[in-house]
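Architecture at a glance
Single-letter residue listing:
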Amino acid sequence: MVVVKEEKPRTVYDQETLEKMEDKLCVTGFKAHVGSESKNVCNSMANPPDLAYTCSWDEEGPPAFPATKQGPCTLDFTEHRGEVVITRDKWKDNPPMKYGSKAQCCFRASK
């Protein structure tokens, strides 16, 4: 006999809720950028109700985060999905951050 364990659905967060949680979405030293904010360069990685947000290093020196599946991302069920480097090739005018900045991408599936 196979027992199927029913999974509890994950909480779906809207932009307003995520904005209120910004200081808790990334490890210490990183700043979170969520929703349609221009600095959320990782936003295109997800289609609602999934979500993607950006953690950008906000301190002096090189960024540091755990070498785990979550990396700098701290929201429950979130995975680190690599980084986006801000270059002149991708952003000719008005870059969302300084050229050369590295944005860490966090992805959270709704299921």
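What comes next concerns the included structure. (Residues numbered from 1 in each chain as written. Predicted model: local features only at pLDDT ≥ 70, side-chain atom pairs only at ≥ 80, totals over all residues. Heavy atoms only, no water.)

Let us now look at the environment of Pro49. With respect to the helices and strands, the residue Pro49 is situated in the loop between strand E1 (30–33) and strand E2 (51–57). Judged by relative accessible area, Pro49 falls into the partly exposed class, the value being 47%. Considering only alpha carbons, one finds Pro49 and Pro66, 17 residues apart in sequence, at a separation of 27 Å. The contacts of Pro49, once residues within four sequence positions are left out, are Val12 and Ser110. (Helix = DSSP H or I, 4+ residues; strand = E, 2+ residues; numbered from the N terminus. Buried < 20%, exposed > 50% of the residue type's maximum accessible area, 1.4 Å probe, protein only. Contact = heavy atoms within 4.5 Å.)

A separate point is the sheet that holds strand E3 (residues 78–85). The strand order across the open sheet formed by four strands is E1-E2-E4-E3, and the pairing between neighbours is antiparallel. The open sheet has two edge strands with one neighbour each: E1 and E3. On average, adjacent strands in this sheet sit at an angle of 30° to one another, irrespective of strand direction. With six bridges joining them, E3 and strand E4 (residues 102–108) adopt antiparallel strand pairing. Looking across to E4, one finds that Val85 is bridged to Lys102. (Pairing = 2+ DSSP bridges. Axes fitted to C-alpha atoms, helices over the stretch in contact; angles between N-to-C directions.)

What follows is about unusual backbone geometry. For residues besides glycine, phi is generally negative; the peptide bonds are generally trans as well. Note that the residue after Pro48, namely Pro49, is joined by a cis bond; omega there is 10°. The phi angle at Asn94 is positive, at roughly 50°, despite the residue not being glycine. Within the secondary structure, Asn94 is located in the loop between E3 and E4. Take Asn94: its relative accessible area is 71%, and that puts it in the exposed class.

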